[in-house]
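In case you want the letters, here they are:
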Amino acid sequence: MKPNIAVLGATGVVGREILSILEEKKFEFNSIKMLASARSAGSKLDFAGKEHTVIKATPDAFEGVDIVLASAGGSTSLALAKEAAKRGAVYIDNSSAFRMEKDVPLVIAGVNDEDLKMHKGIVANPNCSTSQLMLVLKPLHDYANIKRLIVSTYQAVSGAGLAAMNELTDNSKVNLVGMPYENKVFKYEIGFNLIPQIDSFTENGYTKEEMKVTNETRKILHLSESVPISCTAVRVPVYRGHSEAVTIEFEKPMDANKAREILSNAWGVEVVDDIDNYVYPTPKDCAGKDPVYVGRIRKSIAFDNAIDLFCVADNLRIGAALNTVRIAESVVKMGLYGTAVNK
């Protein structure tokens, strides 16, 4: 039986990307609702050759819906996720509202799909930086067990929304003609600059973004508290595509050739690694594409049984919309939707 689905936040950047991917993947459904805030209600969206009217997102809007693909922010999810689940829907949430809740599975499709079986109506989609990292780490961890992890992220402005993308454009134009610019989205100017802060700082000196990568990685890979994980997150003047420099130490022997072999056979990963010919991945290569691209794979000179690598991915796809749709596909394939399942 094909599910009845709803896209919450359908008029936003990620919501529109979800719709694009649903159409691209020919996701089979019985009916679809476009849900958004009162401000967007009544507007029209074209999808799969038909015009759809956007409906105001209220608890009653989830009546008869089997799967909700949600990207409308944490406050909206806190207000509506349990209402949707109460009405029998599986609410796949892109916000951080439920990611660290013990009874909410935090899922990367193709990595820990089995965790979906524990859902009680809500499934969390990880942070965009975590998402691409997991597809790289999982096959390596399965082979040699992660002992230590150090990550530095270089995150595109699209991760902060459309206003941030517009600010990069405006800020860059003004910089080119030597005029002053008053930034509003970011703490500092983003044009021709790097900002070593994403989200607010916590008591330990790390930002919330950095702690998301740390805590979500541990939850998804079921790593013990004894495995040290550290992250530094930096906003960079790139529109689309997050990059990550990663150092991984393993319990078992691992070298660059073995890592390259494992990743070459990994689902959702594409190795782009030929330094003799200056071949390695860049954010521009990944825009609009599904894989996580990995290169610069090398034996670490800092730790035993460790490798360093560089990976890039389209943050709006793998980090948000694509994984949301993939989770929905897994929910359908595994038969994990329907009122009986949630209750």
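This section reports on the structure supplied with the text.

Cut-offs used in this document
Residues numbered from 1 in each chain as written. Predicted model: local features only at pLDDT ≥ 70, side-chain atom pairs only at ≥ 80, totals over all residues. Heavy atoms only, no water. Helix = DSSP H or I, 4+ residues; strand = E, 2+ residues; numbered from the N terminus. Buried < 20%, exposed > 50% of the residue type's maximum accessible area, 1.4 Å probe, protein only. Polar contact = N/O pair within 3.5 Å; in protein donor to acceptor, adjacent residues only side chain to side chain. Contact = heavy atoms within 4.5 Å. Core = buried A, V, L, I, M, F, W, Y, C linked by side-chain atoms within 4.5 Å. Pairing = 2+ DSSP bridges. Expected span 1.5 Å × (residues − 1). Axes fitted to C-alpha atoms, helices over the stretch in contact; angles between N-to-C directions. Patch = residues over 30% accessible without salt bridge, like charges linked within 9 Å, V, L, I, M, F, W, Y side chains within 5 Å. Areas by Shrake-Rupley, 256 points an atom, 1.4 Å probe, with all protein chains shown as cover. Salt bridge = Lys/Arg side-chain N within 4 Å of Asp/Glu carboxyl O. Disulfide = S-S within 2.5 Å.

**Looking at the side chain of Asn315**
Point 1. Take Asn315: it is sitting in the loop between β14 (306–313) and α8 (317–333).
Point 2. Assessed through its relative accessible area of 3%, Asn315 is described here as buried.
Point 3. A distance of 2.8 Å separates a polar atom in the side chain of Asn315 from the backbone nitrogen of Gly241.
Point 4. Once residues within four sequence positions are removed from consideration, Asn315 is found in contact with Cys128, Ala156, Ser158, Gly159, Arg240, Gly241, His242 and Ala320.

**Observations concerning the nonpolar core**
Point 1. Within the largest apolar cluster, 89 residues are counted, with the highest numbers of intra-cluster contacts made by Leu22, Leu140, Ile248 and Leu309.
Point 2. Among the elements that make up this core, the one with the highest residue count is α8 (eight residues).
Point 3. Apart from the residues within four sequence positions on either side, Leu22 is in contact with Ile5, Val7, Phe27, Ile32, Phe47, Leu69 and Val325.
Point 4. Core analysis: the next-biggest nonpolar cluster, separate from the first, contains seven residues, Val157, Ala164, Met165 and Ile190 among them.

**Structural notes on the pairing of strand β1 (residues 4–8)**
Each regular strand carries side chains that alternate between the two faces of the sheet.
Point 1. Among the five residues of β1, five are classified as buried, and the element is accordingly described as predominantly covered.
Point 2. The two faces of β1 match: Asn4, Ala6 and Leu8 on one face and Ile5 and Val7 on the other face are all buried.
Point 3. Pairing between β1 and strand β2 (residues 31–36): five bridges, direction parallel. Opposite Ala6, over in β2, you have Lys33 as the bridge partner.
Point 4. For β1 and strand β6 (residues 67–70), the ladder comprises four bridges, and the chain directions are parallel. Opposite Val7, over in β6, you have Leu69 as the bridge partner.

**Points about the sheet that holds β2**
Point 1. Here six strands make up an open sheet; going across it, the order is β5-β2-β1-β6-β7-β8 and the pairing parallel. Of all strands in the sheet, those with a lone pairing partner are β5 (55–56) and β8 (122–124), marking the two edges.
Point 2. Direction of pairing for strand β7 (residues 90–93) relative to β8: parallel, over a ladder of three bridges. By the bridge assignment, Ile92 is partnered in β8 with Val123.

**Some remarks on helix α5 (residues 208–221)**
The α-helix advances 3.6 residues per turn, and as a result positions three or four apart in sequence lie on the same side.
Point 1. With 14 residues, α5 ought to run about 20 Å at 1.5 Å a step, and its terminal C-alpha atoms sit 20 Å apart, in line with that.
Point 2. Of the residues trailing α5, His222 is marked for its positive phi of about 55°.

**Let's talk about the pairing of strand β13 (residues 292–299)**
Point 1. Looking at chain direction, strand β12 (residues 269–271) and β13 are connected through three bridges and run parallel. Pairing of Glu270 across the sheet is with Tyr293, part of β13.
Point 2. With five bridges connecting them, β13 and β14 associate as antiparallel partners. When the bridges of β14 are listed, Lys299 appears paired with Ile307.

**Section: the environment of Ala266**
Point 1. Relative to the helices and strands, Ala266 is located in the loop between α6 (256–264) and β12.
Point 2. Linking Ala266 and Arg326, residues 60 residues apart in sequence, is a C-alpha distance of 16 Å.

**What to know about the sheet that holds strand β9 (residues 146–155)**
Point 1. Taken in spatial order, the six strands of this open sheet run β10-β9-β11-β14-β13-β12, and their pairing is mixed. Each of the sheet's edge strands pairs with one partner strand only, and the pair in question is β10 (229–235) and β12. Taking each pair of neighbouring strands and ignoring which way they run, the sheet shows an average axis angle of 20°.

**Points about the side chain of Thr247**
Point 1. Locating Thr247 in the fold gives a position in strand β11 (residues 242–250).
Point 2. For Thr247, the side chain forms a polar contact with the side chain of Asp308, separated by 2.5 Å.

**What about a nonpolar patch on the surface?**
Point 1. A grouping of Leu176, Val177, Met179 and Phe192 is seen on the molecular surface, where their side chains present a nonpolar patch of about 490 Å² in accessible area.
Point 2. In this structure, Phe192 sits in the loop between α4 (162–176) and α5.
Point 3. For Phe192, a relative accessible area of 56% puts it in the exposed group.

**Some thoughts on the state of the cysteines**
Point 1. What the rule picks out here adds up to zero disulfides.
Point 2. Here Cys128 is not disulfide-linked; the sulfur of Cys231 is the nearest cysteine sulfur, at 11 Å.
Point 3. Residue classification places Cys128 among the buried residues on the basis of a relative accessible area of 13%.
Point 4. A relative accessible area of 1% places Cys231 in the buried class.

**Things to note about unusual backbone geometry**
Point 1. A positive phi angle is found at Phe192, which is not glycine, with a value near 55°.
Point 2. Of note, the phi angle at Arg296 is positive, near 50°, even though the residue is not glycine.
Point 3. Locating Arg296 in the fold gives a position in strand β13.

**Description of the pattern of salt bridges**
Point 1. One pass over the structure, following the stated rule, counts 19 salt bridges.
Point 2. Salt-bridge contacts for Arg87 lead to Asp60; the nearest nitrogen and oxygen are separated by 3.3 Å. You can see Arg87 sitting in the loop between α2 (74–86) and β7 and its partner Asp60 sitting in the loop between β5 and β6, a full 27 residues away along the chain.
Point 3. For Asp60, a relative accessible area of 54% puts it in the exposed group.
Point 4. The closest approach of N and O atoms between Arg260 and Asp273, which form a salt bridge, is 2.9 Å. In this pair, Arg260 sits in helix α6 while Asp273 sits in the loop between β12 and α7 (283–286), placing the two residues 13 residues apart along the sequence.
Point 5. A single network of salt bridges, built from pairs that share partners, joins Glu17, Glu24, Arg240, Asp290, Asp314 and Arg317.

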